[in-house]
Amino acid sequence: CGLNALQRRAISQALGAAPAARAASAAEVATVPPGVNLGGWLVLEDWFFSGAQGRHVASQGTTGQGVGLPPLLKGLEDTPWQSEGLLTKWLQDTRGDEEALKVFSAHREAYIT
């Protein structure tokens, strides 16, 4: 994931994980992925939330791929969002600041289960 050992340890500690008491066996290494991917949690990328119609890792041109932001924002197939900034602005303009905050807060609270 591109993190060095110190960064991984800091994230692990911040998330409350206990330090490893022993080295993992070869079988454990083969079956348990090291670490977690928090992509799309704090910095949104439209393709993470593109649904079945998503085709690209990066949006092409000026059309976004984001069709929602779980758990509260769904059904934006007709008006997909391209970036976190544009989504925030659209939510503020169409639903107001309180609803925009509610959508983002719900996403961040529900993303890690």
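Computed from a predicted model, the values in this text were never measured in an experiment.

Draft legend 1. Up close: the overall build of the protein chain. Looking only at helices and strands, the protein chain features four helices and zero strands. Looking at the protein chain as a whole, 19% of its 113 residues qualify as buried. Pairs at least 24 residues apart make up 37% of the contacts formed inside the protein chain by residues separated by at least 6 positions. A total accessible area of about 8000 Å² is found for the protein chain, and carbon and sulfur atoms account for 59% of it.

Draft legend 2. Inspection of the pattern of salt bridges at higher detail. Per the counting criterion, the structure on display carries two salt bridges. Glutamate 84 is the salt-bridge partner of arginine 108, the closest N and O atoms lying 3.2 Å from each other. Taken as a pair, arginine 108 in helix 4 (residues 97–110) and glutamate 84 in helix 3 (residues 84–95) lie far apart in primary sequence, 24 residues in all. We classify glutamate 84 as partly exposed; its relative accessible area is 21%. Note that aspartate 93 and lysine 89 form a salt bridge whose closest N and O atoms lie 3.1 Å from each other. Pair noted here: aspartate 93 and lysine 89 are both in helix 3, with a separation of four residues, about one helical turn.

Draft legend 3. Just the packing of helix 3 against helix 4, in detail. Across the interface, helix 3 lies against helix 4 with an axial gap of 6 Å and an inter-helix angle of 135°. One finds that helix 3 runs oblique with respect to helix 4. Taking contact as the criterion, the partners of Glu84, Leu87, Thr88, Leu91, Gln92 and Arg95 in helix 3 are, on helix 4, Asp97, Glu99, Ala100, Val103, Phe104 and Arg108.

Draft legend 4. Representation of the confidence of the model for the protein chain in the model. Overall, the prediction assigns the protein chain a mean pLDDT of 79, with 69% of residues at 70 or greater. Least confident of the elements in the protein chain is helix 2 (residues 26–31), whose mean pLDDT is 58; most confident is helix 3, at 94.

Draft legend 5. Examining the side chain of serine 50 more closely. Among the secondary structure elements, serine 50 is positioned in the loop between helix 2 and helix 3. A polar contact of 3.0 Å, which involves the side chain of serine 50, links it to the backbone oxygen of tryptophan 47. Those residues in contact with serine 50 that sit more than four places away from it in its chain are Gln65 and Val67.

Draft legend 6. Inspection of helix 3 at higher detail. For helix 3, with twelve residues, the first-to-last C-alpha span of 16 Å sits near the 16 Å given by 1.5 Å per residue. Two residues or fewer after helix 3 comes glycine 96, characterised by a positive phi angle close to 95°.

Draft legend 7. Expanded view of helix 4. With 14 residues, helix 4 should reach 20 Å at 1.5 Å per residue; the first-to-last C-alpha distance of 20 Å fits that figure. Among the residues of helix 4, Ala100, Val103, Phe104, Ala106 and His107 are the ones counted as buried. Down the axis of helix 4, the sector holding all buried residues measures 160°, keeping them to one side. Away from its buried face by more than 90 degrees, helix 4 exposes Asp97, Glu98, Leu101 and Glu109. Summarising the contacts, the buried residues of helix 4 are in contact with helix 3.

Rules used throughout
Residues numbered from 1 in each chain as written. Predicted model: local features only at pLDDT ≥ 70, side-chain atom pairs only at ≥ 80, totals over all residues. Heavy atoms only, no water. Helix = DSSP H or I, 4+ residues; strand = E, 2+ residues; numbered from the N terminus. Buried < 20%, exposed > 50% of the residue type's maximum accessible area, 1.4 Å probe, protein only. Contact = heavy atoms within 4.5 Å. Areas by Shrake-Rupley, 256 points an atom, 1.4 Å probe, with all protein chains shown as cover. Salt bridge = Lys/Arg side-chain N within 4 Å of Asp/Glu carboxyl O. Axes fitted to C-alpha atoms, helices over the stretch in contact; angles between N-to-C directions. Parallel < 35°, antiparallel > 145°, perpendicular 65-115°, else oblique. pLDDT = per-residue confidence, 0-100. Polar contact = N/O pair within 3.5 Å; in protein donor to acceptor, adjacent residues only side chain to side chain. Expected span 1.5 Å × (residues − 1). Arc of directions from axis to C-beta.

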